[in-house]
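Descriptive structure summary
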Amino acid sequence: MASKVFPLIEKEKIRQVTGLEMIPSENYVSSDVLKALGSILTNKYSEGFPGRRYYGGNEVIDEIENYAVDLAKKLFNVPVALVQSYSGSPANMAVTMAVCSPGDTVMGLALSSGGHLTHGANLSFSSIFYKAVNYNVGKDWKIDFEELEALALKHKPKLIWAGTTAYPYKLDYKKFRKIADKVGATLVADIAHIAGLIVGGVHESPAPFADIITTTTHKTLRGPRGAMVMVTERGLKKDPEIKSKIERAIIPGLQGGPHNHQTAAIAVSLEEALQPSFKKYAAQVAKNAAVLAKELDTTSEVHLVLMPLTSYGYGMGYQAQYALEEAGITVNKNTIPGEPASPFYPSGIRLGTPALTTRGMKEKDMIKIAGWIKRALEEIRGLDLPQEQDLRKDFLKETKKKLHTNKNLKIIRAEIKTFAEKFPVPGIN
Ligand SMILES: Cc1ncc(COP(=O)(O)O)c(C=O)c1O
């Protein structure tokens, strides 16, 4: 019997080819990465680490995992790499478990300032089981290192996260290091968003400054969904036992058997990231983001643009996301620093260039795309979020319906389809 899933995959393929994927944490993997991910390696159980497995029959799996580890060490110039974490959040949880005891203090950038859930946000394990202290960005939208230092001196965190999810600027790891040293904290760089930019030489590497580095493999690095945890020379000196502590946190702490098909696909993507062509790709991602940002009247030093929508009206994040989706542009609503509306009904959108750049788009294409974005956003003028909280849900439902039948958005959608189809998507055409 043919599965009902395959026609749905075909439907999703059409969406991915005919639209513009601008969520900055997304990308298109190569056919080889897909091949490894869809392989028979998914059949095997391999609890443990290479040479130390609970189950038999892991000779080949050991070779694959060792190969992935060696590639990661080479790519990021670190002495230790672990590749089994299922995704970024469990990797961050493993590191927190390895460094801290429950109740210890962890510090990270606030969600509302562009930080990640796992760095101490409400409702995340990182604030449920640990004492979370958040630092923020200042009025210039950049990390406020004075506040960070004052909070660190006051709260004496065991772990400081240096990592971002919605932050359009480069990070100064040296500043983080100085503060971590003042309070004896372990400095963990979460490079999930910028790993590809680091490999490409666009962004400074945290390897000389951080003790531990975590990353997802599926964003700018352009691998399968997955994660890696790495320990630097400095981190090994600080705690020679840290590798085995992190291993124990991964298994038995958090996981059972590793996803071997995922490990293999990570290895393939790391091989690709070691090619000279990847450096060109990373440089183009940043060039594209800089042009896109300029066209949208803001700035970007990395792969993403945080666009405030305050000039379009009040609390316009949802409305913008809906309108752009109707036009064939996928973005996500996002809070902006000093959020004037509400964290639940934010006033900005977050856009990125990693996926578009994989399709071969360049600066001139970003100018066109910014034009479509601005045209689509004209359609949300007047659709301000109601001040009354109890009216908001129904208002947004109605707004979505209204935008779905908007003629101007349909015209833009057709133009974008014709444009997008000219750029191949790896693994699809
Ligand atoms: C900085 C950062 N760390 C960790 C993660 C978590 O990764 P995952 O979604 O794979 O759990 C993300 C995902 O957005 C991220 O941006």
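1. Comments concerning the overall build of the chain
A tally of regular secondary structure across the chain gives 17 helices and 14 strands. Relative to a compact globule of 429 residues, whose C-alpha radius of gyration would be 22 Å, the chain shows 22 Å and is just as compact. Reported as C-alpha extents along the three principal axes, the dimensions of the chain are approximately 60 × 60 × 40 Å. In the chain, buried positions account for 57% of the 429 residues. Pairs at least 24 residues apart make up 75% of the contacts formed inside the chain by residues separated by at least 6 positions. Of the roughly 18900 Å² that the chain leaves accessible, carbon and sulfur atoms contribute 55%. Once the 55 positive and 45 negative side-chain charges of the chain are each reduced to a mean point, those two points are 2 Å apart.

2. Observations regarding helix α7 (residues 173–183)
The complete set of buried residues in α7 reads Tyr173, Phe176, Arg177, Ile179, Ala180 and Val183. Tucked into the core, α7 has its buried residues touching β6 (131–135), α6 (145–155), β7 (159–163), β8 (186–190), α8 (195–199) and α9 (233–238). Among the residues trailing α7, Gly184 stands out with phi positive, at a value near 70°.

3. A word on the nonpolar core
Counting residues in hydrophobic clusters, the biggest one holds 60 residues, and the most contacted among them are Phe76, Ile143 and Phe176. The biggest single contributor to this core is helix α3 (residues 59–76), with six residues. Both domains that meet at this core, namely domain 1 (31–273) and domain 2 (276–420), each give it at least three residues. Ignoring sequence-local partners within four residues, the contact set of Ile143 consists of Leu109, Tyr135, Asn136, Val137, Leu148, Tyr167, Leu171 and Phe176. Ranked by size, the runner-up nonpolar core spans 42 residues in total, among them Leu309, Met316, Ala376 and Phe419.

4. As for the site of the ligand
Around the ligand there are 13 residues in total, and Ser87, Ser89, Thr165, Asp190 and Lys219 lie nearest to it. Thr165 has a polar side-chain atom sitting 2.8 Å from an oxygen atom of the ligand. When isolated, the ligand has an accessible area of 390 Å², and the protein chains bury 84% of it. Of the residues contributing to the shell around the ligand, the split by class is one nonpolar, 10 polar and two charged.

5. Thoughts on the packing of helix α15 (residues 363–378) against helix α17 (residues 407–420)
Here α15 crosses α17 at 165°, and the two axes come no closer than 10 Å. Taken together, the axes of α15 and α17 lie roughly antiparallel to each other. Regarding α15 and α17, the two cross each other, and that crossing is left-handed. Contact residues: α15 offers Asp365, Lys368, Ile369, Trp372, Arg375 and Ala376, while α17 offers Leu409, Ile411, Ile412, Glu415, Ile416 and Phe419.

6. Remarks on the domain arrangement of the chain
Domain boundaries in the chain define domain 1 (31–273) and domain 2 (276–420). Placing the centre of domain 1 and that of domain 2 at their C-alpha centroids yields a distance of 29 Å. On the side of domain 2, 22 residues touch domain 1, which itself brings 24 residues to the contact. Where domain 1 abuts domain 2, roughly 2000 Å² becomes buried across the two surfaces, and 66% of that area is made up of carbon and sulfur atoms. Seen at the junction of domain 1 and domain 2, the total is zero salt bridges.

7. Notes on the sheet that holds strand β4 (residues 80–82)
Across the sheet, seven strands lie side by side as β4-β10-β9-β8-β7-β5-β6; this open sheet has mixed pairing. Each edge of the open sheet is held by one strand with a lone partner, namely β4 and β6. The mean inter-strand angle of the sheet, taken between neighbouring strand axes irrespective of direction, is 20°. The strands touched by α7 are β6, β7 and β8; relative to β7, the strand with the most contacts, the crossing angle is about 175°.

8. Side note on the sheet that holds strand β11 (residues 304–308)
Strand order in the open sheet formed by three strands is β11-β14-β13, with antiparallel pairing between adjacent strands. At either end of the open sheet lies a strand with only one pairing partner, and these are β11 and β13 (332–334). Averaged over all pairs of adjacent strands, the angle between their axes in this sheet comes to 35°, without regard to strand direction. Relative to strand β14 (residues 348–352), β11 is paired through five bridges, and the arrangement is antiparallel. Pairing of Leu304 across the sheet is with Gly352, part of β14.

Rules used in this analysis
- Residues numbered from 1 in each chain as written.
- Predicted model: local features only at pLDDT ≥ 70, side-chain atom pairs only at ≥ 80, totals over all residues.
- Heavy atoms only, no water.
- Helix = DSSP H or I, 4+ residues; strand = E, 2+ residues; numbered from the N terminus.
- Rg over C-alpha atoms; globule rule 2.2 N^0.38 Å.
- Buried < 20%, exposed > 50% of the residue type's maximum accessible area, 1.4 Å probe, protein only.
- Contact = heavy atoms within 4.5 Å.
- Areas by Shrake-Rupley, 256 points an atom, 1.4 Å probe, with all protein chains shown as cover.
- Lys, Arg positive; Asp, Glu negative; His and termini not counted.
- Charge placed at Lys NZ, Arg CZ, Asp CG, Glu CD.
- Core = buried A, V, L, I, M, F, W, Y, C linked by side-chain atoms within 4.5 Å.
- Domains from an automatic or database assignment.
- Near = heavy atom within 4 Å.
- Polar contact = N/O pair within 3.5 Å; in protein donor to acceptor, adjacent residues only side chain to side chain.
- Nonpolar A, V, L, I, M, F, W, Y, C, P; charged D, E, K, R; others polar.
- Axes fitted to C-alpha atoms, helices over the stretch in contact; angles between N-to-C directions.
- Parallel < 35°, antiparallel > 145°, perpendicular 65-115°, else oblique.
- Left-handed = near helix turned anticlockwise from the far one by under 90°.
- Buried area = accessible area lost by both parts, 1.4 Å probe.
- Salt bridge = Lys/Arg side-chain N within 4 Å of Asp/Glu carboxyl O.
- Pairing = 2+ DSSP bridges.

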